[in-house]
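# Residue-level structural notes
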Amino acid sequence: MLRRDLFGISIHALSMGQAVEHLLCRVREAEFSCRYVVTPNVDHAVLLQSHGGLRDAYRDAELVLADGHPLVWVSRLLGRPLPERVAGSDLVPSLFSAIPPNESLRIFLLGAAPGVAQRAAENISRQWTNVQTVGIDSPPIGFEKNPAENERILAQIALAKPDVLILGLGAPKQECWIHQHRDRVIAKTALCVGATIDFLAGEKKRAPLWMQHSGLEWAYRMSSEPKRLAKRYAKDAWIFPQLVWQQWLNQRNPSRQASP
């Protein structure tokens, strides 16, 4: 598959339809050999510059899909065009909708606050009757550092044997967790998709479509959660243009380029 290298991230140049088709092939396989998908946005691009664990997770991901209009716009500006935005919060429902009526999909929801994943499972069941939620878990804060808690979660997933593990733990926790445990996760694929479980539950609302399509979804999310997101977006707004400038310089003079 064609990839575009941007800011130390090797991103697959896939459309939403192509990404869904790839996942359909994966979940139709008989083998439960977990491979995982990450969906970088501007914040990920910034974080990856200083987070070795996230870089490792991205390096070993099966699919790296651009979740964010700025990445797509910049890829075209730099002459390394990506076809379109493939947001995790769109990828999951698109995959559900692509399952033919005569097939079924087994999913496990890992993440979100207590009770939220259950509401998401109920909404999924109503909207996609051939998608079955076979497990949910809302692990406590700091669980990733607790060996016993990780063993409990891995045992739950192994018992459920889902086709798709949907991770809503937030970045970089979800990417680092699946990378660390990928050889023991009994699922066919895992999707690192942030707040998607909250969206499916109706716990959080997505931006209006016109904001999503115009690249302003970040503004809607920041206005909804200013205390949590304002500082992050301010940092990204300062650092991301520097990454774009550095990428442009590196392309003009490849000898300048250094590993992140």
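The rules behind these values
Residues take numbers from 1 onward in each chain, read along the sequence in its written order. Restriction of local features to residues with pLDDT of at least 70 applies here, the model being predicted, together with a cutoff of 80 or more for giving and counting side-chain atom pairs; totals for whole chains, interfaces and linings are based on all residues. Hydrogens and waters are ignored; side-chain quantities use all the structure's heavy atoms. Side-chain atoms within 4.5 Å are what join buried Ala, Val, Leu, Ile, Met, Phe, Trp, Tyr and Cys residues into a set we call a nonpolar core. Relative accessibility thresholds used throughout: buried, under 20% of the residue-type maximum; exposed, over 50%; partly exposed, between the two (1.4 Å probe, protein chains only). Between two residues, a contact is recorded if the distance between any of their heavy atoms is within 4.5 Å. Note on method: axes are straight lines fitted to C-alpha atoms, helices fitted across the in-contact stretch only, with angles between N-to-C directions ranging 0 to 180 degrees. We count a stretch as a helix when DSSP gives it H or I for four or more residues in a row; a strand needs E for two or more, and each element gets its number in order from the N terminus. Throughout, a crossing is termed right-handed when the near helix is turned clockwise from the far one, and left-handed when it is turned anticlockwise from it by less than a right angle. Each residue receives one of three labels: charged for Asp, Glu, Lys and Arg, nonpolar for Ala, Val, Leu, Ile, Met, Phe, Trp, Tyr, Cys and Pro, and polar for the others, Gly being one of them. Salt bridge, as used here: a side-chain nitrogen of Lys or Arg that lies within 4 Å of a carboxyl oxygen of Asp or Glu. Of all possible arcs, the one meant is that of the directions from the helix axis to the C-beta atoms. One bridge is not enough; two strands pair if DSSP finds at least two bridges between them.

## Remarks on the nonpolar core
- Residues Phe7, Leu165, Leu167, Trp177, Ile178, Val185 and Phe240 are the most contacted members of the largest nonpolar core, which totals 42 residues.
- If we skip the residues at most four places from it in the chain, valine 185 touches Cys34, Leu154, Ile157, Leu165, Trp177 and Ile178.
- If you look at the next biggest cluster of nonpolar residues, it comprises 34 residues, including Met16, Leu24, Trp128 and Leu200.

## A word on the packing of helix H3 (residues 52–60) against helix H8 (residues 173–181)
- Two numbers describe how H3 lies on H8: the axes approach to 9 Å, and their chain directions differ by 60 degrees. Viewed along their axes, H3 and H8 form a crossing whose handedness is left-handed. Across the interface between the two elements, Gly53, Leu54, Asp56, Ala57, Tyr58, Arg59 and Asp60 of H3 pack against Glu175, Cys176 and His179 of H8.
- Split into classes, the residues belonging to the contact of H3 with H8 amount to four nonpolar, two polar and four charged.

## Examining the pattern of salt bridges
- Evaluation of the coordinates by the stated rule reveals 14 salt bridges.
- Its salt-bridge partner being arginine 26, residue glutamate 29 comes within 2.6 Å of it at the nearest N-O pair.
- Between aspartate 60 and arginine 182 there is a salt bridge, with its nearest N and O atoms 3.6 Å apart. Taken together, the residues span a long stretch of sequence, with aspartate 60 in helix H3 and arginine 182 in the loop between H8 and strand E8 (189–192) at a distance of 122 residues.
- Aspartate 60 sits in the partly exposed class, given a relative accessible area of 30%.
- Judged by its relative accessible area of 25%, arginine 182 is partly exposed.

## Notes on unusual backbone geometry
- With an omega of 5 degrees, the peptide bond between alanine 171 and proline 172 qualifies as cis.
- Looking at the secondary structure, you find proline 172 in the loop between strand E7 (164–168) and H8.
- With a phi close to 70 degrees, alanine 112 is a non-glycine residue in the positive phi region.
- In this fold, alanine 112 is placed in the loop between strand E5 (105–111) and helix H6 (116–127).

## As for H3
- Residues Leu54, Ala57 and Tyr58 constitute the buried set of H3. Summarising the axial view, the buried residues of H3 lie within an arc of 95 degrees, below the 170-degree limit, and thus occupy one face.
- Of the surrounding secondary structure, the elements contacted by the buried residues of H3 are strand E2 (9–12), strand E3 (35–38), helix H2 (42–48), strand E4 (63–64) and H8.

## Quick look at the sheet that holds E3
- With parallel pairing, the six strands of this open sheet are ordered in space as E4-E3-E8-E7-E5-E6. Lying at the two open borders of the sheet, with one neighbouring strand each, are E4 and strand E6 (131–137).
- Here four bridges tie E7 to E8, and the two strands are oriented parallel to one another. The partner of isoleucine 166 across the bridge, within E8, is leucine 191.
- On top of the sheet, H6 reaches E5 and E6; it is set at about 155 degrees to E5, its chief contact.

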